[in-house]
Amino acid sequence: MNSITITNDGSVICNGKKAEDEILLYLSYKVELEEGFTLRSYFRMIQQYPVLEKLNPFFSSFIQQYRTSPETGSSSGCVDFLELSKTVEMIGYPGSPRLEVYTAFRGITGKEITEIKFFQIQTLLNIPVRLGNLKHVIFGDKVDVFEFDTFYNLFEFIDGIAWELSFHGAPAKCEIRR
């Protein structure tokens with residue numbers, strides 16, 4: 001499988017070379033993150049490759065918040081790292097089963113999941129981002145949960161984070177109580 005590395009400055013590297021204008025060619029490539037990659041690095045990538053902004057209608061708002069944030073000092077203090085994860089849920093088995101597949105982008109504190117939708121984007125920018133496992137959940141007579149190693153392609157990575165951030169919007173004063 002072809003893979004790319006996204007660096008802390010937002011550059012996409014394939015086979016030792018920086019991707020230039022042809023960034024859309026890499027949407028199906030497996031993503032690896034450089035050590036120390038943060039949410040700020042994610043926005044640097046989007047800013048470096050403006051065509052990626054067209055993948056989500058909320059990017060213009062996100063980029064505006066990113067641009068007005070200070071380079072240092074923005075951290076929620078309540079989250080150890082941010083994790084993109086995949087979940088496959090089999091619901092209604094036995095019987096009339098259905099399958100739901102989705103990604104989630106959440107904060108992790110210790111071993112606990114922390115919802116980040118009430119944090120301002122500015123307070124999450126300097127938090128490390130990691131790629132998590134795939135959870136396979138089977139709902140039926142009992143609930144079974146299995147975890148697997150997985151990979152994320154560039155589109156899943158960009159869209160998975162953008163989807164979660166699109167639910168942000170709590171006023172800054174609401175976050176002060178945290």
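Cut-offs and rules
- Residues numbered from 1 in each chain as written.
- Predicted model: local features only at pLDDT ≥ 70, side-chain atom pairs only at ≥ 80, totals over all residues.
- Heavy atoms only, no water.
- Pairing = 2+ DSSP bridges.
- Helix = DSSP H or I, 4+ residues; strand = E, 2+ residues; numbered from the N terminus.
- Core = buried A, V, L, I, M, F, W, Y, C linked by side-chain atoms within 4.5 Å.
- Buried < 20%, exposed > 50% of the residue type's maximum accessible area, 1.4 Å probe, protein only.
- Contact = heavy atoms within 4.5 Å.
- Phe/Tyr/Trp six-rings, centres within 6.5 Å; stacked < 30°, edge-to-face > 60°.
- Lys NZ or Arg CZ within 6 Å of the ring centre and 35° of its normal.
- pLDDT = per-residue confidence, 0-100.
- Axes fitted to C-alpha atoms, helices over the stretch in contact; angles between N-to-C directions.
- Parallel < 35°, antiparallel > 145°, perpendicular 65-115°, else oblique.
- Left-handed = near helix turned anticlockwise from the far one by under 90°.
- Nonpolar A, V, L, I, M, F, W, Y, C, P; charged D, E, K, R; others polar.

> Sorry, what's going on with the sheet that holds strand E2 (residues 12-14) here?
If you trace the four strands from one edge of the open sheet to the other, you get E3-E2-E1-E4, paired in mixed fashion. Because the sheet does not close on itself, it has two edges, and the strands there are strand E3 (17-18) and strand E4 (30-33). When strand E1 (residues 3-6) meets E2, the two strands line up antiparallel, connected through two bridges. Bridged to Thr 5 within E2 is Ile 13.

> Just checking my understanding: could you explain the nonpolar core for this structure?
Side chains of a nonpolar character, in soluble globular proteins, are inclined to be buried together. By size, the foremost hydrophobic cluster in this structure holds 40 residues, and its most contacted members are Leu 39, Tyr 42, Phe 43, Met 45, Leu 154 and Phe 157. Mapped onto this core, the elements with two or more residues apiece are E1, E2, helix H1 (39-48), helix H2 (59-67), strand E5 (81-91) and helix H3 (154-165). It is H3 that provides the largest number of residues to this core, a total of six residues. Among residues more than four places away in sequence, those in contact with Met 45 are Ile 6, Gly 10, Val 12, Leu 52, Leu 154, Phe 157 and Ile 158.

> Could you clarify how one ought to interpret the packing of aromatic side chains in this entry?
Aromatic ring pairs: the centre-centre distance and the angle between the two ring planes describe each pair. Using the criterion set out here, one finds nine aromatic pairs in the structure. Ring geometry for Phe 59 against Phe 62: centres 5.8 Å apart, planes inclined by 90 degrees, an arrangement best described as edge-to-face. Taken together, the residues span about one helical turn, with Phe 59 and Phe 62 both in helix H2 at a distance of three residues. We classify Phe 59 as buried; its relative accessible area is 0%. With a relative accessible area of 3%, Phe 62 lands in the buried category. In textbook terms, an aromatic cluster arises when at least three aromatic residues are bridged by ring pairs, as seen for Phe 37, Tyr 42, Phe 43, Phe 58, Phe 59, Phe 62, Tyr 66 and Phe 157. In this arrangement the basic side chain of Lys 86 is found over the ring face of Tyr 152, its NZ or CZ atom lying 4.9 Å from the centre. Here the basic side chain of Arg 130 rests over the ring of Phe 81, its NZ or CZ set 3.8 Å away from the ring centre.

> Could you clarify how one ought to interpret the confidence of the model for the protein in this entry?
Atomic detail in the predicted coordinates should be set aside for any region of low pLDDT. On average, residues of the protein carry a pLDDT of 86, and 88% of them reach 70 or more. Under a pLDDT of 50 for its full length, residues 170-178 has, in the predicted model, ten contacts with residues more than four places off or in other chains.

> Which parts of the structure should I look at to understand the sheet that holds strand E7 (residues 112-114)?
Adjacent strands of a sheet pair through backbone hydrogen bonds, lying either parallel or antiparallel. Strand order in the open sheet formed by five strands is E7-E6-E5-E8-E9, and the pairing between neighbours is mixed. The open sheet has two free edges, formed respectively by E7 and strand E9 (143-148), since each of these has just one partner strand. With direction set aside, neighbouring strand axes in the sheet form an average angle of 40 degrees. By the bridge criterion, eleven bridges tie E5 to strand E6 (residues 98-109) in an arrangement that is antiparallel. Looking at E6, one finds that Glu 89 is bridged to Glu 100. The strands that H3 touches are E5, E6 and strand E8 (129-139); relative to E5, the one it contacts most, it runs at about 95 degrees.

> Which parts of the structure should I look at to understand the packing of H1 against H3?
Geometry of a packed helix pair, given as the angle between the helix axes and the separation of the axes. Interhelical geometry of H1 versus H3 gives an angle of 115 degrees and a closest axis separation of 12 Å. Classified by the angle between their axes, H1 and H3 sit roughly perpendicular to one another. Pair H1 / H3 crosses with left-handed handedness. Here Leu 39, Tyr 42, Phe 43, Met 45 and Ile 46 of H1 come into contact with H3, specifically with Leu 154, Phe 157, Ile 158, Ile 161, Ala 162 and Leu 165. Taken together, the residues of the contact of H1 with H3 sort by class into eleven nonpolar, no polar and no charged.

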